[in-house]
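Below, each chain spelled out in residue letters.
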Amino acid sequence: MTDDLLSRLLGPADPELGCEACFDELDRYVEVELAGGDADAAVPGMRPHLAGCPACAEEHESLRDLVAAQK
Amino acid sequence: MTAHPDVTDDRDSEAWLAALRADGPERDRAIARLHALLLRAARFEVARRRSSPNLHEADLDDLAVQSADDALVAVLAKLDSFRGDSRFTTWAYKFALLEAAVKLRRRAWHGRELPTAPDHWPETAAGSAAAASDEAASRELLATIRDAIAEELTGHQREVLVAVALNDVPIDVLAERMGTTRGALYKTLHDARRKLRRALGGELP
């Protein structure tokens, strides 16, 4: 509980993308992820942003699951 | 829905682009097919969030259709920005998911006052958390953060941090109420968090 609160208050320690760059890169990130590639190396800053931004994290999960379901 | 002979394989991004840039009936068929694809994505998102507050079963499909309509406009307007870094369908899906997610979050918070004042933090946290001794250090850290929020942040940074990080207000809902963009608010949140980290210095775990 307290750790979760701390993480929500302090956000990610690593450099992160903003919401707009996250949206721009989301499709590429998800495809690399689903292909088993190193998505975090392909799109640096995405993983910390998804940890710090609940709305972008929701959209990432939805796109990943939708594309996975289409395969 | 009838078959669309022009894009024979959804995975063929070049075929999508060619058909959407064509004239006349070929373009019309591609747009109809694209709308169907976006509607599938919007319905997928709506189905995932159907237990959100303020959602009525009867409204859900309208919300999905509106999302697909808005996503279609966005995709067609941004067609030239598609770089081919992913499949066209993956790229297009994200617009429908975004439209649906934003509409669902707005609906969930419709008519609710947004908690932006730091009145009941972290009493809410401390009050509900077990006051276990192994959490003493964390609770001390929270007290320091609380001071830093009061002393280091601007009023705007404080409001954004309290709403998004403490009270789970979606950032796009807050942006709409504040008349700004999600990107601008996330920058505010990011700057506020950086200030807090700096104020805490060596106290960070």
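Residues numbered from 1 in each chain as written. Chains lettered and ligands numbered in written order. Predicted model: local features only at pLDDT ≥ 70, side-chain atom pairs only at ≥ 80, totals over all residues. Heavy atoms only, no water.

## Points about the layout of surface pockets
For step 1, the next point in the chain: By volume, the largest pocket is sized at about 580 Å³.
For step 2, the next point in the chain: Cys19(A), Glu20(A), Phe23(A), Asp24(A) and Leu98(B) are, among the 27 residues lining the largest pocket, the residues nearest its centre.
For step 3, the next point in the chain: Looking at the lining of the largest pocket, the elements that each hand over two or more residues are α2 (19–34) of chain A together with α4 (88–109), α8 (171–178) and α9 (182–200) of chain B.
For step 4, the next point in the chain: Ranked by residue count, the leading element in the lining of the largest pocket is α4(B), at seven residues.
For step 5, the next point in the chain: Residue classes in the lining of the largest pocket are distributed as nine nonpolar, five polar and 13 charged.
For step 6, the next point in the chain: Space inside the second largest pocket adds up to approximately 260 Å³.
For step 7, the next point in the chain: Every residue lining the second largest pocket is counted, 17 residues in all, and those nearest its centre are Pro54(A), Glu58(A), Arg105(B), Asp168(B) and Pro170(B).
For step 8, the next point in the chain: The leading source of residues in the lining of the second largest pocket is α4(B), at four residues.
For step 9, the next point in the chain: A per-class count over the lining of the second largest pocket returns 11 nonpolar, one polar and five charged. (1 Å grid on protein atoms, 1.4 Å probe; cavity = no way out; pocket = protein on both sides within 12 Å on 5 of 7 lines; lining within 4 Å. Points joined across faces, edges and corners; volume = space filled by probe spheres on them. Helix = DSSP H or I, 4+ residues; strand = E, 2+ residues; numbered from the N terminus. Nonpolar A, V, L, I, M, F, W, Y, C, P; charged D, E, K, R; others polar.)

## Some remarks on unusual backbone geometry
For step 1, the next point in the chain: Positive phi, normally seen in glycine, also occurs at Asp168(B), with a value near 60°.
For step 2, the next point in the chain: Its location among the elements puts Asp168(B) in the loop between α7 (155–166) and α8.

## Let's talk about the confidence of the model for chain A
For step 1, the next point in the chain: Chain-level statistics for chain A give a pLDDT mean of 94 and a share of 99% at 70 or above.
For step 2, the next point in the chain: For chain A, the element scoring lowest by mean pLDDT is helix α1 (residues 2–10) of chain A, at 85; α2(A) scores highest, at 98. (pLDDT = per-residue confidence, 0-100.)

## So, the interface of chain B and chain A
For step 1, the next point in the chain: Contacts between chain B and chain A engage 45 residues on the former and 36 residues on the latter.
For step 2, the next point in the chain: Interface of chain B and chain A: buried area, both sides summed, is about 3,600 Å²; carbon and sulfur atoms make up 61% of it.
For step 3, the next point in the chain: Sorting the residues of chain B by area buried against chain A places Lys94(B), Tyr186(B) and Arg197(B) first, and these three jointly supply 18% of that buried surface.
For step 4, the next point in the chain: Taken together, the connections running from chain B to chain A amount to eight salt bridges.
For step 5, the next point in the chain: Of the charged contacts in the structure, one is a salt bridge between Glu59(A) and Arg182(B), with a shortest N-O distance of 2.9 Å.
For step 6, the next point in the chain: Sorting the residues of the side of chain B that touches chain A by element identifies α2 (24–48), α4, α5 (123–128), α6 (136–152), α7 and α9 of chain B as the ones contributing at least two each. (Contact = heavy atoms within 4.5 Å. Buried area = accessible area lost by both parts, 1.4 Å probe. Salt bridge = Lys/Arg side-chain N within 4 Å of Asp/Glu carboxyl O.)

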